[in-house]
Amino acid sequence: MTDDSGLVPSGLALSGLTRRYGSLTAVDGVSLDLATGARHAVIGPNGAGKSTLLNLIAGTARAQRGRVVLDGRDLTRAGPARRGRLGIARSFQQPSVIADLTVRENLVMAVWRHHPRRRGAWRSPGRYRECAAEAERQLEAVGLRDLASAPASALSHGQRRLLDLGAALVARPRVLLLDEPAAGLTDEDVERFVELLGGLPDEVAVLLVEHNTELVARLADTVTVLVEGRALVTAPTGEALSHPAVREAYLGTAAAEEDDEPCSNSAD
Ligand SMILES: Nc1ncnc2c1ncn2[C@@H]1O[C@H](COP(=O)(O)OP(=O)(O)OP(=O)(O)O)[C@@H](O)[C@H]1O
């Protein structure tokens, strides 16, 4: 698939994505372009359709209308495994780590899963060592080297999320989908996470669903605001977060009440 100039466009292009559940339209005609290297956040009130949008991109939910195109390739009908192989990785709100395996083993398994010749990998010491070396690099990147031999079940929630993110990154994704990555993280884990995302190669586009607008302001260049399934605004982060319609729709009555409060005349 090429654009008007005859070139294959790079990045993720969503057009008119729609998903209904019964009479509810969870995602309603959402179009979004995520260029290579983009840092894009999706914000919106509870139930706005943010997770559903990520599901439609990852392929765990099917769109009833619209298209998902990655690097010019139409993936609308592809299942989640194929999308994963072609470069769409997802880190979940509830980390999908294997509790009984150690941190290191979880990462080796993740590398193995994404190894291009994984079928015979267990028979080849060379391939196993490749997987193990990549797992070691990822251990370092997510800051879990000291816990490498601990079972994943012994990790805190934040550490498990970092491990889950490390497992997603070993696939060397083109697009990384993150669903509320900071939920339940300590301040220290949040800083580690910000550092990790800051160090991602430019070829990786990140699409982040996040309620914490402070974190959104630190991580994202562009923000889309979803309200009742529709993309209300897509704009550079500062502009999007201060948009009046966004303040009303996203921050709701709390923001309105704050604005209505009389100014204090006290001298302190
Ligand atoms: N599998 C499903 N079956 C029926 N309804 C669903 C399903 N998945 C999502 N919904 C509904 O679609 C709407 C959007 O849900 P979604 O989880 O995408 O919102 P969200 O913006 O991620 O919300 P939150 O911020 O609370 O996580 C909600 O009303 C939800 O109940």
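The name given to the protein chain in an unreviewed UniProt entry is ABC transporter ATP-binding protein, and the organism recorded there is Streptomyces albiaxialis.

## Considerations on helix H3 (residues 103-114)
Helix length check: H3, at twelve residues, gives a terminal C-alpha distance of 17 Å against a target of 16 Å (1.5 Å per residue), a fit within 8%. Of the positions making up H3, those classed as buried are Val103, Asn106, Leu107, Val108, Ala110 and Val111. Residues of H3 that are buried sit in contact with helix H4 (125-141) and helix H5 (157-169).

## Some words on the site of the ligand
The ligand sits among 13 residues. The nearest are Gly47, Gly49, Lys50, Ser51 and Thr52. Take Gly49: an N or O atom from its main chain is 2.9 Å from an oxygen atom of the ligand. Here His211 contributes a side-chain N or O atom positioned 3.1 Å from an oxygen atom of the ligand. When contributions to the shell around the ligand are tallied by element, the ones reaching two or more residues are strand S2 (24-34) and helix H1 (50-58). Among the elements that line the shell around the ligand, the one with the most residues is H1, at three residues.

## Topic: H5
Relative to the 18 Å expected for 13 residues at 1.5 Å per residue, H5 spans 18 Å between its end C-alpha atoms, a close match to the ideal helical length. Most of H5 sits inside the fold, with ten of its 13 residues counted as buried. All of the buried residues in H5 are Gly158, Arg161, Leu162, Leu163, Asp164, Leu165, Gly166, Ala167, Ala168 and Leu169. Each element contacted by the buried residues of H5 is listed here: strand S6 (88-91), H3, H4, strand S7 (175-179) and helix H6 (187-198).

## With respect to the packing of H5 against H6
The contact between H5 and H6 brings their axes to 10 Å, and the two run at 15 degrees. Here H5 is positioned roughly parallel relative to H6, judged by the angle of their axes. Read as a crossing pair, H5 and H6 show a hand that is left-handed. The residues of H6 that touch H5, namely those facing Gly158, Gln159, Leu162, Leu165 and Leu169, are Asp189, Arg192, Phe193 and Leu196. A class-by-class count of the residues in the contact of H5 with H6 yields five nonpolar, two polar and two charged.

## Concerning the sheet that holds strand S5 (residues 73-74)
Pairing is antiparallel in the open sheet, where four strands are placed in the order S2-S1-S4-S5. The outermost strands of the open sheet, each flanked by one partner alone, are S2 and S5. As paired elements, strand S1 (residues 12-21) and strand S4 (residues 65-70) share five bridges and run antiparallel to each other. When the bridges of S4 are listed, Leu14 appears paired with Val68.

## Quick look at the layout of surface pockets
What the second largest pocket holds in volume is close to 310 Å³. What lines the second largest pocket is a set of 15 residues, and nearest its centre among them are Gln138, Leu169, Arg172, Leu200 and Pro201. No other element matches H4, which puts four residues into the lining of the second largest pocket. By residue class, the composition of the lining of the second largest pocket is eight nonpolar, two polar and five charged. A domain split of the lining of the second largest pocket shows at least three residues from each of domain 1 (12-96 + 172-257) and domain 2 (98-154).

The rules we used
- Residues numbered from 1 in each chain as written.
- Predicted model: local features only at pLDDT ≥ 70, side-chain atom pairs only at ≥ 80, totals over all residues.
- Heavy atoms only, no water.
- Helix = DSSP H or I, 4+ residues; strand = E, 2+ residues; numbered from the N terminus.
- Expected span 1.5 Å × (residues − 1).
- Buried < 20%, exposed > 50% of the residue type's maximum accessible area, 1.4 Å probe, protein only.
- Contact = heavy atoms within 4.5 Å.
- Near = heavy atom within 4 Å.
- Polar contact = N/O pair within 3.5 Å; in protein donor to acceptor, adjacent residues only side chain to side chain.
- Axes fitted to C-alpha atoms, helices over the stretch in contact; angles between N-to-C directions.
- Parallel < 35°, antiparallel > 145°, perpendicular 65-115°, else oblique.
- Left-handed = near helix turned anticlockwise from the far one by under 90°.
- Nonpolar A, V, L, I, M, F, W, Y, C, P; charged D, E, K, R; others polar.
- Pairing = 2+ DSSP bridges.
- 1 Å grid on protein atoms, 1.4 Å probe; cavity = no way out; pocket = protein on both sides within 12 Å on 5 of 7 lines; lining within 4 Å.
- Points joined across faces, edges and corners; volume = space filled by probe spheres on them.
- Domains from an automatic or database assignment.

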